[in-house]
Amino acid sequence: MATRPEPQDPQPPAKTSTPQWSLDNFEIGKPLGRGKFGRVYVAREVKSKYVVALKVLHKKQINKYRIHHQLKREMEIQTSLRHPNILRLYGWFHDDERIVLILEYAHGGELYGLLREKSHLPEKQAATYILSLAQALAYCHEKHVIHRDIKPENLLLDHEGRLKIADFGWSVQSSSKRRTMCGTLDYLAPEMVENRAHDYAVDNWTLGVLCYEFLYSTPPFEAESQRDTFKRITNIDLNFPSTPQVSAEAKHLISQLLVKESSKRLSLQKIMEHPWIVKNADPSGIWNN
Ligand code: 83H
């Protein structure tokens, strides 16, 4: 008999793929989002009543797009990571048609929604998120994981308002320089859009892009066409509009991250120690309005 959590003692489901989990173990709730490869539903494990997010992927799609290896990598990486700002992957199971990932449920939903709704964030909130991201990325980099696809759509908020990095679909485990093209251009470092070798510093670049977007509500190199975004990124065509008003320290941090030469970008440690972060970020990582 497999051990199951007791109802009065809610526990996340089993950590790895084991025969004990199937769709029968869950009450499926409303859909939370959908992607190219499937949908995400809120669900509750019947016995423990533990609420999770189930990401349902269709094997047909996975075969069609030949993403089997990417998915396997995503699952292995996300299962191995334990950090307060990284969304947990508790386990997975499959049947004839589907692969189902059992993921942590983020009550607050996507940061993307908040940004669209509020236009731009107060500096203290932005700094709190950037600090959380820098801490999560430092942990990933220590484990030789480069995320490479951090964007507001991949950032979720838990019930306390803590930021969680989700979606490791494009991450890689690496210690050497890599060469691969991926993602929407807006968040990509020059070495990635130019398809040159890249390393951990691509994530530091992305923190600069996100910091800008949190404060100004649009990414810094946004343009009408992919071609123009490409040009703006490779030329580091960076401007700071006069509205909304943003502090000089915040602009300084952004300028130290959006640097063409990857080795000259501010390190994650230096981001955490930057005066704007020290002055504005809540070290608990929790932001409540
Ligand atoms: C949510 C989500 C969306 C997006 C999660 C999502 C979540 C995911 C990925 C994972 O109104 C809401 N929306 C928009 C439909 C609320 C706030 C209920 C919400 C919570 C929304 N959580 C899918 C992998 N974990 N949690």
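Everything numeric in this text was worked out from a predicted model, so none of it was measured.

Thresholds, definitions, all that
- Residues numbered from 1 in each chain as written.
- Predicted model: local features only at pLDDT ≥ 70, side-chain atom pairs only at ≥ 80, totals over all residues.
- Heavy atoms only, no water.
- Near = heavy atom within 4 Å.
- Polar contact = N/O pair within 3.5 Å; in protein donor to acceptor, adjacent residues only side chain to side chain.
- Areas by Shrake-Rupley, 256 points an atom, 1.4 Å probe, with all protein chains shown as cover.
- Helix = DSSP H or I, 4+ residues; strand = E, 2+ residues; numbered from the N terminus.
- Nonpolar A, V, L, I, M, F, W, Y, C, P; charged D, E, K, R; others polar.
- Pairing = 2+ DSSP bridges.
- Contact = heavy atoms within 4.5 Å.
- Axes fitted to C-alpha atoms, helices over the stretch in contact; angles between N-to-C directions.
- Core = buried A, V, L, I, M, F, W, Y, C linked by side-chain atoms within 4.5 Å.
- Buried < 20%, exposed > 50% of the residue type's maximum accessible area, 1.4 Å probe, protein only.
- Phe/Tyr/Trp six-rings, centres within 6.5 Å; stacked < 30°, edge-to-face > 60°.

Looking now at the site of the ligand. Around the ligand lies a shell of 13 residues, among which Ala53, Glu104, Ala106, His107 and Gly109 are the nearest. One nitrogen or oxygen atom from the main chain of glutamate 104 is found 2.8 Å from a nitrogen atom belonging to the ligand. Relative to its unbound accessible surface of 540 Å², the ligand loses 71% to contact with the protein. Residue assignment for the shell around the ligand shows that the elements contributing at least two residues are β5 (98-104) and β6 (109-110). Of the residues belonging to the shell around the ligand, the class tally is 8 nonpolar, 3 polar and 2 charged.

Right, let's get into unusual backbone geometry. The general pattern is negative phi for most residues beyond glycine and trans for most peptide bonds. Between threonine 243 and the following residue, proline 244, the backbone shows a cis peptide bond with an omega angle of -5°. Phi at arginine 66 is positive, roughly 50°, even though this residue is not glycine. As for its placement among the helices and strands, arginine 66 is situated in the loop between α1 (59-64) and α2 (68-80). The phi torsion at serine 217 lies on the positive side, around 80°, for a residue other than glycine. For serine 217, the location among the structural elements is in the loop between α6 (201-216) and α7 (226-234).

Turning our attention to the sheet that holds β6. Taken together, 3 strands build an open sheet; the order of strands is β6-β8-β9 and the sheet is antiparallel. Single-partner strands in this sheet number two, and they are β6 and β9 (163-165). Here 3 bridges tie strand β8 (residues 155-157) to β9, and the two strands are oriented antiparallel to one another. Paired with leucine 157 across the strands is leucine 163, a residue of β9. Along the sheet, helix α4 (residues 123-142) makes contact with β8 and β9, crossing β9 at roughly 35°.

Core analysis: the biggest nonpolar cluster contains 57 residues, and Ile130, Leu133, Phe214, Ile271 and Trp276 have the highest contact counts within it. In terms of residue count, α4 provides more of this core than any other element does, 11 residues in total. Once residues within four sequence positions are removed from consideration, isoleucine 130 is found in contact with Leu207, Leu210, Cys211, Phe214, Ile271, Trp276 and Ile277. Judged by nonpolar contacts, the second largest core, of 16 residues, contains Ala53, Leu57, Ala106 and Leu156.

Our focus in this paragraph is the sheet that holds strand β4 (residues 89-94). The strand order across the open sheet formed by 5 strands is β1-β2-β3-β5-β4, and the pairing between neighbours is antiparallel. One side of each edge strand has no neighbouring strand; the edge strands of this open sheet are β1 (26-35) and β4. Put simply, the sheet's adjacent strands are angled 25° from each other on average, direction ignored. Examined bridge by bridge, β4 and β5 share 5 bridges and lie antiparallel to one another. Pairing of tryptophan 92 across the sheet is with leucine 101, part of β5. Together, β3 (51-58), β4 and β5 form the strand contacts of α2, whose direction differs from that of β4 by roughly 145°.

All right, on to the packing of aromatic side chains then. Taken as a whole, this structure holds 8 aromatic pairs when the rule is applied. Judged by centre distance (6.0 Å) and plane angle (10°), the rings of phenylalanine 26 and phenylalanine 93 are stacked. With phenylalanine 26 in strand β1 and phenylalanine 93 in strand β4, the pair connects residues that are 67 residues apart, well separated along the chain. Phenylalanine 93 shares its class with phenylalanine 26; the two are buried. Taken together, the ring pairs in this structure connect Trp21, Phe26 and Phe93 into an aromatic cluster.

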